[in-house]
Amino acid sequence: MTPLDKLIERYEQTPDDQIAKGALRIGDCFCVMGMACDIYREDTGQGEWVEGPDVRAFRFRGEMETLHSPWQVDDYFFGPEGFPPDLMDENDGGHKAIVLTMLREAKEKNATQ
């Protein structure tokens, strides 16, 4: 299973009310990019979640991120082009079906490259 397959599966199986909006992670809820950070952490052993008062930041090589995944995570899933444009906006807008479509299209594009 590819990293992108894992992300699609995790996002698809996450109930709508447990998808974070506006941050990578809020409590135990992740946005799509937060899920990517978590899968990257699980697969590579790199990066960690750091507690904050409201949100958890993803720390990677000393850098702290709360809104966007590090470029290394983006590259792990999508190559040098990074996450599809508007992916975060669609996640934050609660448009799960659109996010899944975008992820599947990225998977097809990656398969042809």
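Structure shown above.
Given the structure is predicted, the values throughout are model-derived calculations rather than measurements. What you see as residue numbers is a count from 1 along each chain, following the sequence as written. Owing to the predicted nature of the model, reporting of local features is limited to residues with pLDDT of at least 70; listing and counting of side-chain atom pairs is limited to 80 or more, with chain, interface and lining totals taken over all residues. Excluding hydrogens and water, the side-chain figures rest on all heavy atoms present in the structure.

**Focus: helix α2 (residues 32-44)**
Step number 1: Secondary structure elements are defined from DSSP: runs of H or I of at least 4 residues count as helices, runs of E of at least 2 residues count as strands, and each element is numbered from the N terminus. Expected helix span is computed as 1.5 Å times (number of residues minus one). Helix length check: α2, at 13 residues, gives a terminal C-alpha distance of 18 Å against a target of 18 Å (1.5 Å per residue), a fit within 8%.
Step number 2: Note on classification: 1.4 Å probe, protein chains only; a residue is buried when its accessible area is under 20% of the maximum for its type, exposed when over 50%, partly exposed between these limits. Of all the residues in α2, the buried ones are V32, M33, G34, M35, A36, C37, D38, I39 and Y40.

**Comments concerning the nonpolar core**
Step number 1: Core analysis: the largest hydrophobic core is formed by 29 residues, its most contacted members being L4, L7, V32, F77, F78 and L103.
Step number 2: When residues of this core are traced back to their parent elements, those giving at least two are α1 (3-13), α2, β4 (57-60), α3 (71-78) and α5 (96-112).
Step number 3: At seven residues, α2 tops the list of elements feeding residues into this core.
Step number 4: Residue contacts for L7: discarding those within four places in its chain leaves V32, M35, A36, I39, F77, F78 and L103. Note on terminology: a nonpolar core comprises buried Ala, Val, Leu, Ile, Met, Phe, Trp, Tyr and Cys residues joined through side-chain atoms within 4.5 Å. By the convention used here, residues are in contact when the closest approach between their heavy atoms is within 4.5 Å.

**Description of unusual backbone geometry**
Step number 1: For D86, which is not a glycine, the phi torsion comes out positive at approximately 70 degrees.
Step number 2: With respect to the element layout, D86 can be found in the loop between α3 and α4 (87-92).

**Describing the environment of K109**
Step number 1: Position of K109 among the secondary structure elements: in helix α5.
Step number 2: A residue is classified by how much of its surface remains accessible, and K109, at 39% relative accessible area, is partly exposed.
Step number 3: Residues K109 and F78, spaced 31 residues apart in sequence, show a C-alpha to C-alpha distance of 9.3 Å.

**Section: the packing of α1 against α5**
Step number 1: For helices, the axis comes from a line fit to the C-alpha atoms of the stretch in contact; other axes are also lines fit to C-alpha atoms, and the angle between any two N-to-C directions lies between 0 and 180 degrees. At their nearest, the axes of α1 and α5 sit 10 Å apart, and the two run at 165 degrees to each other. In terms of orientation, α1 lies roughly antiparallel with respect to α5. In the packing of α1 onto α5, the handedness of the crossing is left-handed. Residues L4, D5, L7, I8, Y11 and E12 of α1 form the contact with α5, whose own contacting residues are K96, V99, L100, L103, R104, A106, K107 and N110.
Step number 2: Residues are grouped as follows: Ala, Val, Leu, Ile, Met, Phe, Trp, Tyr, Cys and Pro are nonpolar; Asp, Glu, Lys and Arg are charged; every other residue, Gly included, is polar. In terms of residue class, the contact of α1 with α5 is built from eight nonpolar, one polar and five charged. Roughly parallel means an angle under 35 degrees; roughly antiparallel means over 145; roughly perpendicular covers 65 to 115; every other angle is labelled oblique. Handedness of each helix crossing follows the sense of rotation of the near helix against the far helix: counterclockwise by less than a right angle gives left-handed, clockwise gives right-handed.

**Topic: the packing of aromatic side chains**
Step number 1: When two rings of Phe, Tyr or Trp (its six-membered ring) have centres within 6.5 Å they constitute a pair, described as stacked for plane angles under 30 degrees, edge-to-face for angles over 60, and tilted for the intermediate range. Summed over all chains, the structure comprises six aromatic pairs.
Step number 2: Taking 5.5 Å as the distance between ring centres and 65 degrees as the angle between the ring planes, the aromatic pair formed by F30 and W49 counts as edge-to-face. Of this pair, F30 sits in strand β2 (residues 29-30) while W49 sits in strand β3 (residues 48-50), and the two are 19 residues apart along the sequence.
Step number 3: Classification of F30 by relative accessible area gives buried; the value is 14%.

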